[in-house]
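# Report on the structure
Read off the chains here:
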Amino acid sequence: MSERRACRVIDADRKSVRYRSTRDDDADLREKLRELANQRRRFGYRRLHILLRREGIMINRKKTQRLYREEGLAVRRRRSRRRAVGTRAPAPVLALPNQRWSLDFVHDQMTSGRRFRVLNVVDDVTRECLAAVPDTSISGRRVVRELTALIERRGKPGMIVSDNGTELTSNAVLAWCGEIGVEWHYIAPGRPMQNAYVESFNGRMRDELLNETLFLSMAHARVEIAAWVEDYNRERPHSSLDYNTPAAFAAKLDKQWPASLRPTGSATQPIASTALMRNNAVRL
């Protein structure tokens, strides 16, 4: 059957049948998108779109989504866990840095099979990771030393929130709270969502770093964790901060601080140094 007769039968315009797309294949853009997706395997198209725009590639978000799908890119879903119900967090605080810190541990192991843990400290308002301390053993006195060093760099928080782990309820921690005058809030047992900010951070660390990296030694783990935390604070778009980085969001809040609300003795830098992951040979 001829084209003319076929188009007459189905009532189609011959121009539409003969049309060939003149759209560019966006080969360079697709290659860049695949490269970013390979580097950030746990990032979806929204965060990849932010990274493309940072590099000067100004395209529509829907185009990024279309190319993302056409390239067969996707973030593999992990099995979800049951969510805790009940009170979600302590009382609200002012939208200022250093109002409330959250602490928690996350665990992993090296290629040798030896396990280690990471003490994470998060600012609940700015979402900054203030410290990520990896070691094979972290006692209550070690927690006190790390918090004391962090306060010297950043200033004293209004409140610290944690679960009821033995290291965090030890006599060393309780005595330190009384000496320095910091309110320490313990969540209800079995209610991790009351410590949601650091739990969320732990999930991101687990998903984007720990599950993606083979740690050859403790020194290697310290280097990789420090690099990832630096990237998290300064490069990674955070969805709850309108896709700003925690560093950029903290800088905006710092400019809005009235002089009367600035904590006494607070550090001038908005983010505590994450590169100083030291190897403490002597532990208490």
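Residues numbered from 1 in each chain as written. Predicted model: local features only at pLDDT ≥ 70, side-chain atom pairs only at ≥ 80, totals over all residues. Heavy atoms only, no water.

### Here's the deal with helix 3 (residues 27-39)
With 13 residues, helix 3 should cover 18 Å at 1.5 Å per step; its first-to-last C-alpha distance of 18 Å lies within 8% of that length. Within the sequence span of helix 3, burial applies to L29, R30, L33, L36 and A37. Down the axis of helix 3, the smallest arc covering the buried residues is 130°, so these residues share one side. Away from its buried face, by an angle of more than 90 degrees, helix 3 presents the exposed residues D28, N38 and Q39. Tucked into the core, helix 3 has its buried residues touching helix 4 (45-54) and helix 5 (61-70). (Helix = DSSP H or I, 4+ residues; strand = E, 2+ residues; numbered from the N terminus. Expected span 1.5 Å × (residues − 1). Buried < 20%, exposed > 50% of the residue type's maximum accessible area, 1.4 Å probe, protein only. Arc of directions from axis to C-beta. Contact = heavy atoms within 4.5 Å.)

### Describing the pattern of salt bridges
Counted under the stated rule, the structure contains 23 salt bridges. With a shortest N-O distance of 2.7 Å, D207 and R42 are connected by a salt bridge. Residue D207 is located in helix 8 (residues 196-208), and its partner R42 is located in the loop between helix 3 and helix 4; the two are separated by 165 residues in the primary sequence. The residue R234 makes a salt bridge to E230 at a minimum N-O spacing of 2.8 Å. One end of the pair is R234 and the other is E230, both in helix 9 (residues 218-234) and four residues apart, which spans about a single turn. Among the residues examined, E230 registers a relative accessible area of 31% and is labelled partly exposed. Three or more residues joined by partner-sharing salt bridges are found here, namely R30, E31, R34, R66, E70 and E71. (Salt bridge = Lys/Arg side-chain N within 4 Å of Asp/Glu carboxyl O.)

### Details of the side chain of H238
Relative to the elements of secondary structure, H238 occurs in the loop between helix 9 and helix 10 (246-256). Judged by relative accessible area, which is 12%, H238 ranks as buried. Discounting chain neighbours no more than four positions away, the residues touching H238 are R47, R127, Y232, Y243, N244 and P246.

### Here we look at the packing of helix 3 against helix 4
Between helix 3 and helix 4, the least distance of the axes is 10 Å, while the angle of their chain directions is 120°. With respect to each other, helix 3 and helix 4 are oriented oblique. Considering how the two elements wind past one another, helix 3 and helix 4 form a crossing that is right-handed. Contacts from L29, K32, L33, L36 and A37 of helix 3 reach helix 4 at L48, L51 and L52. A class-by-class count of the residues in the contact of helix 3 with helix 4 yields seven nonpolar, no polar and one charged. (Axes fitted to C-alpha atoms, helices over the stretch in contact; angles between N-to-C directions. Parallel < 35°, antiparallel > 145°, perpendicular 65-115°, else oblique. Left-handed = near helix turned anticlockwise from the far one by under 90°. Nonpolar A, V, L, I, M, F, W, Y, C, P; charged D, E, K, R; others polar.)

### Here's the deal with the nonpolar core
The biggest cluster of nonpolar side chains holds 21 residues, and the ones touching the most others in it are L103, L147 and W184. Elements represented by at least two residues in this core include exactly strand 1 (101-109), strand 2 (115-123), strand 3 (129-135), helix 6 (140-154) and helix 7 (171-180). Of the residues forming this core, the biggest block, five residues, is contributed by helix 6. Formed by 19 residues, the second largest nonpolar core is a distinct cluster that contains V122, M218, I225 and V229. (Core = buried A, V, L, I, M, F, W, Y, C linked by side-chain atoms within 4.5 Å.)

### Some words on unusual backbone geometry
With a phi close to 55°, D11 is a non-glycine residue in the positive phi region. The phi dihedral of Y243 falls on the positive side, at around 60°, and the residue is not glycine. Of note, Y243 is situated in the loop between helix 9 and helix 10. For Y243, a relative accessible area of 27% corresponds to the partly exposed category.

### Describing the pairing of strand 2
Across the nine residues that make up strand 2, a large majority, eight, are buried. Here nine bridges tie strand 1 to strand 2, and the two strands are oriented antiparallel to one another. If you follow H107 over to strand 2, its bridge partner there is R117. Connecting the antiparallel pair strand 1 and strand 2 is a turn made up of five residues, with G113 showing a positive phi of about 95°. In the sheet, strand 2 pairs with strand 3 via six bridges, with the strands oriented antiparallel. Following the sheet pairing, V122 is matched in strand 3 by C129. (Pairing = 2+ DSSP bridges.)

### Section: the sheet that holds strand 5 (residues 183-186)
Neighbouring strands of a sheet are bound in pairs by backbone hydrogen bonds; such pairs are parallel or else antiparallel. Overall, mixed pairing links the five strands, which are arranged 3-2-1-4-5 in an open sheet. Where the open sheet ends on each side, the last strands, each with one partner, are strand 3 and strand 5. Strand-to-strand, the axes of this sheet are offset by a mean angle of 25°, without reference to chain direction. On top of the sheet, helix 7 reaches strand 4 (159-162) and strand 5; it is set at about 140° to strand 5, its chief contact. Seen against the sheet, helix 8 touches strand 1, strand 2 and strand 3 and runs at an angle of roughly 30° to strand 1.

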